[in-house]
Amino acid sequence: MDQNNNKTLNVRFMTELALLTAIELIMCFVPGLGYIPIGALKITLLCIPVAVGSVVLGPKAGVFLGFVFGMSSFLDPAKSAMMAVIPVQSFVTAIVPRLFVGLVPGLVFMALRKTRIPHSVSVSIACLLAPLTNTVLYLLFFVIFLRQYMLEINPDVYNFFGNHGFLVSYGMMFALSALNIVLEAVAGLVIGSAICNVLLHTVNKSK
């Protein structure tokens, strides 16, 4: 009986992981699904399937979905010029932060479940951490690995501001993305939490 239960759980796990992977890929490559343009802004919802997988299926599933997210970013045609110049740095910047996007929510949710924090609050915190992790780590990796590239493509900024050119350019980029950060965090919190709570109370109610 236990063996049959394990097989059932494995089949369910693989089915749900495959479904979330398909959703992630569709959102990545179908215009208007993964990225929502709001004026000059572009809000990404690609963290949501990753967060759902990490909370509902566990950190390992989250890391896999994060890898799918990262690969879609790495293969984005809009970044082909950067990849042609610094392929290794581009790969690391695209992939590594997204692995943590899948890892952090699952680990945090597992830890919070052992506390007296209400289940729905634990889910919300975990889902909120997905877009925040994505933003913080991507910007950090951007500073570490893409500084030289920024120097090369924005020479006027650096010539004008001298040694502070990168900080000015980076600060401008962060200021322009501030609203994105807030909207993506809200979307991850609301949509991700809703989906996770439904799945955890129905299909995955044993969790």
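To keep things clear, this report deals only with the structure shown in the data block.

What counts, and at which threshold
- Residues numbered from 1 in each chain as written.
- Predicted model: local features only at pLDDT ≥ 70, side-chain atom pairs only at ≥ 80, totals over all residues.
- Heavy atoms only, no water.
- Helix = DSSP H or I, 4+ residues; strand = E, 2+ residues; numbered from the N terminus.
- Buried < 20%, exposed > 50% of the residue type's maximum accessible area, 1.4 Å probe, protein only.
- Contact = heavy atoms within 4.5 Å.
- Areas by Shrake-Rupley, 256 points an atom, 1.4 Å probe, with all protein chains shown as cover.
- Phe/Tyr/Trp six-rings, centres within 6.5 Å; stacked < 30°, edge-to-face > 60°.
- Lys NZ or Arg CZ within 6 Å of the ring centre and 35° of its normal.

Re the overall build of the protein chain
Per the secondary structure count, the protein chain includes 10 helices and 2 strands. Listing every helix and strand of the protein chain by position from the N terminus yields α-β-β-α-α-α-α-α-α-α-α-α. Looking at the protein chain residue by residue over its 207 residues, the buried ones come to 41%. Expressed as a percentage of contacts within the protein chain between residues at least 6 apart in sequence, the contacts between residues at least 24 apart total 70%. If you sum the accessible surface of the protein chain, you get close to 11,300 Å²; carbon and sulfur atoms cover 73% of it.

Quick look at the environment of P49
By secondary structure assignment, the location of P49 is in helix α2 (residues 47-57). Measuring from C-alpha to C-alpha, the distance between P49 and L17 comes to 9.8 Å, with 32 residues separating the pair along the chain. Apart from the residues lying within four places of it in its own chain, the contact partners of P49 are L20, I23, E24, M27 and L65.

Focus on the packing of aromatic side chains
Under the defined criterion, the tally for this structure stands at 1 aromatic pair. Taking 5.2 Å as the distance between ring centres and 90° as the angle between the ring planes, the aromatic pair formed by F74 and F91 counts as edge-to-face. Taken together, the residues span a long stretch of sequence, with F74 in helix α3 (residues 59-74) and F91 in helix α5 (residues 87-112) at a distance of 17 residues. Residue classification places F74 among the buried residues on the basis of a relative accessible area of 17%. Over the aromatic face of F69 sits the side chain of R98, whose NZ or CZ is 4.5 Å from the ring centroid.

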